Amino acid sequence: MQQLLETAEKIRTMEIRGAGRIAVAAATALRDYVRELQVSSLEEFEAKVLEAAAILVDTRPTAVSLPNAVMLTTRYDASTVEEAREQIIANADKFIERAKKALETIAQIGAKRLKDGDVVMTHCNSHAALAIIKAAHKQGKNIRVYTTESRPRRQGFITIRELNETGIQTTLIVDSAVRIFMKEVDVVIVGADSITANGALVNKIGTSQLALAAKEARVNFISAAETYKFHPMTVMGDMIEIEDRSADEVIDPKIIAELPNVKVRNPAFDVTPSEYIDLIVTEVGAFPPSMAFVVIRDYLGLELMEDMKETA
Ligand code: RI2
């Protein structure tokens, strides 16, 4: 349990971050946990697995990749502890492999949308979005990138390092400079923390500003999202909770302590409505956002929704 608790803490503090990475980390933690789990009955096994699953899911509320990974991993149909254990280990390995392959396929599909000489704008640090940009660069296309700083956690700094290593010419801008540079951009590519059944994108705070500016400038707006980032419960009308993070990420708490009339809000994500999104690149194809329900039904399965209802 110690190791699983450590993973949960790393996800909570964002030492492990990015919707895809936290999902893979959760599947790995569950696999390693059940491998060592000592129990005397299947009931006890089930209770322990549910407890571990809840610890992981409770770390961050917005990215559905996390509960999806946990649900897909902890499913079993077994009459003995050993059978259940084997099934969870196999599910975890399958999920980890699915996530890895998905990124590779998204990169290949998405790279087709980039032409030689294109200027891309990206936001925050998305492995899926960067996989597309890097694949296009690898194909010999000359791609230049505008990267936002992505306050308050400044994940843009991770992005510029990654792009610099790959040799891609990159310009770092502050978040408020998005609109001024949009006229030089050919395509916006961002990641996804969750995609709803009606095709809305929940992603790092500020994403919807990129989408607005892109629409105004008639620039294509693409989200790169593995199918496990689609949100099954939104089919049932559930709203996605937007994570509110600590004020300390925005401003020194000593300063705020001196300002009794000031409060700080720090939502980590925002919602971009489907009408601002031209394309969602998944590992099973590039679709308009109106196909979101089909992705949920065909590639996650509506039974995942039932599982989530039961454990809610
Ligand atoms: P990949 C990140 O969230 C960003 O919002 C990013 O767009 C999204 O996860 C998807 O990232 P955070 O963990 O899975 O930084 O594409 O809050 O890496």
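Given the structure is predicted, the values throughout are model-derived calculations rather than measurements.

1. Details of the nonpolar core
If you look at the biggest cluster of nonpolar residues, it comprises 39 residues, and the most contacted ones within it are Met121, Met182, Val185, Val188, Ile195, Phe221 and Phe230. Mapped by element, the contributors of at least two residues to this core are α2 (19-36), α4 (65-74), α5 (81-111), β1 (119-122), α8 (178-182), β4 (187-190), α9 (207-216) and α11 (292-300). Each of two domains, domain 1 (2-104 + 303-311) and domain 2 (105-301), supplies a minimum of three residues to this core. What Met121 contacts, discounting residues up to four positions off in sequence, is Tyr146, Ile173, Val178, Phe181, Met182, Val185, Val187, Val188, Ile189 and Leu210. Judged by nonpolar contacts, the second largest core, of 26 residues, contains Ala8, Ile11, Val70 and Ile89.

2. A short note on the packing of α2 against helix α3 (residues 42-57)
Contact geometry for α2 and α3: axes closest at 11 Å, N-to-C directions at 155°. Between α2 and α3, the crossing angle belongs to the class labelled roughly antiparallel. Where α2 crosses over α3, the two elements pack in a sense that is right-handed. Every residue of α3 that contacts α2 at Ala26, Ala29, Leu30, Tyr33 and Val34 is listed here: Phe45, Lys48, Val49, Ala52, Ala53 and Leu56. Taken together, the residues of the contact of α2 with α3 break down into 10 nonpolar, no polar and 1 charged.

3. Some thoughts on α11
Listing the buried residues of α11 in full gives Ala292, Val295, Ile296 and Leu300. Down the axis of α11, the buried set is contained in an arc of 100°. They therefore lie on one face. Looking one or two residues past α11, Gly301 carries a phi angle of roughly 95°, positive in sign.

4. Observations concerning the packing of aromatic side chains
Taken as a whole, this structure holds 3 aromatic pairs when the rule is applied. Both rings, one in Phe45 and one in Tyr76, keep their centres 5.9 Å apart while their planes meet at 70°; by these two values the pair is edge-to-face. Remark: Tyr76 occurs in the loop between α4 and α5 and Phe45 occurs in helix α3; sequence separation between them is 31 residues. Here Tyr76 falls in the partly exposed class, since its relative accessible area comes to 24%. A cation over an aromatic ring shows up here: Lys204 above the ring of Phe269, its NZ or CZ 4.3 Å from the ring centre. Just above the ring of Tyr276 sits the side chain of Lys215; from NZ or CZ to the centre is 5.5 Å.

5. A look at the domain arrangement of the chain
Once the domains are mapped, the chain shows domain 1 (2-104 + 303-311) and domain 2 (105-301). Relative to domain 2, the C-alpha centre of domain 1 lies at a distance of 26 Å. In this assembly, 27 residues from domain 1 lie in contact with 37 residues from domain 2. Summed over both partners, the interface of domain 1 with domain 2 comes to about 2,700 Å²; 58% of that surface belongs to carbon and sulfur atoms. Inspection of the region where domain 1 meets domain 2 yields 1 salt bridge.

Quick notes on the rules
Here, residues in each chain are numbered from 1, in the same order as that chain's written sequence. pLDDT decides what is reported in this predicted model: residues at 70 or higher carry local features, side-chain atom pairs at 80 or more are listed and counted, and totals for whole chains, interfaces and linings draw on all residues regardless. Only hydrogens and water are removed before side-chain values are computed, so all heavy atoms of the structure are retained for them. The criterion is simple. A nonpolar core is a set of buried Ala, Val, Leu, Ile, Met, Phe, Trp, Tyr and Cys residues joined through side-chain atoms within 4.5 Å. Per-residue accessibility, obtained with a 1.4 Å probe over protein chains only, is compared with the maximum for each type, and a residue is labelled buried under 20%, exposed over 50%, and partly exposed between these values. Secondary structure follows DSSP: runs of H or I at least 4 residues long count as helices, runs of E at least 2 residues long count as strands, and numbering of each begins at the N terminus. Note that the domain bounds reflect an automated or database-derived domain assignment. Between two residues, a contact is recorded if the distance between any of their heavy atoms is within 4.5 Å. Structural elements are reduced to axes, namely lines fitted to C-alpha atoms, with helices fitted over the stretch in contact, and the angle between N-to-C directions of any two is expressed from 0 to 180 degrees. Under this scheme an angle from 65 to 115 degrees is roughly perpendicular, one under 35 degrees roughly parallel, and one over 145 degrees roughly antiparallel; angles in between are oblique. By the definition used in this description, the sense in which the near helix is turned from the far one sets the handedness, with an anticlockwise turn below a right angle giving left-handed and a clockwise turn giving right-handed. Under this grouping Gly is polar, as are all residues other than the nonpolar Ala, Val, Leu, Ile, Met, Phe, Trp, Tyr, Cys and Pro and the charged Asp, Glu, Lys and Arg. Arc, as used here, means the arc of the directions from the helix axis to the C-beta atoms. Aromatic rings from Phe, Tyr and Trp, taking only the six-membered ring of Trp, are treated as a pair when their centres fall within 6.5 Å; an angle between ring planes under 30 degrees marks them as stacked, one over 60 as edge-to-face, and anything in between as tilted. Whether a charge lies above a ring is judged from NZ of Lys or CZ of Arg, which has to be within 6 Å of the ring centre and within 35 degrees of the ring normal. When two parts are put together, the accessible area they lose, computed with a 1.4 Å probe and summed over both, is reported as buried area. When a carboxyl oxygen of Asp or Glu is within 4 Å of a side-chain nitrogen of Lys or Arg, the pair counts as a salt bridge.

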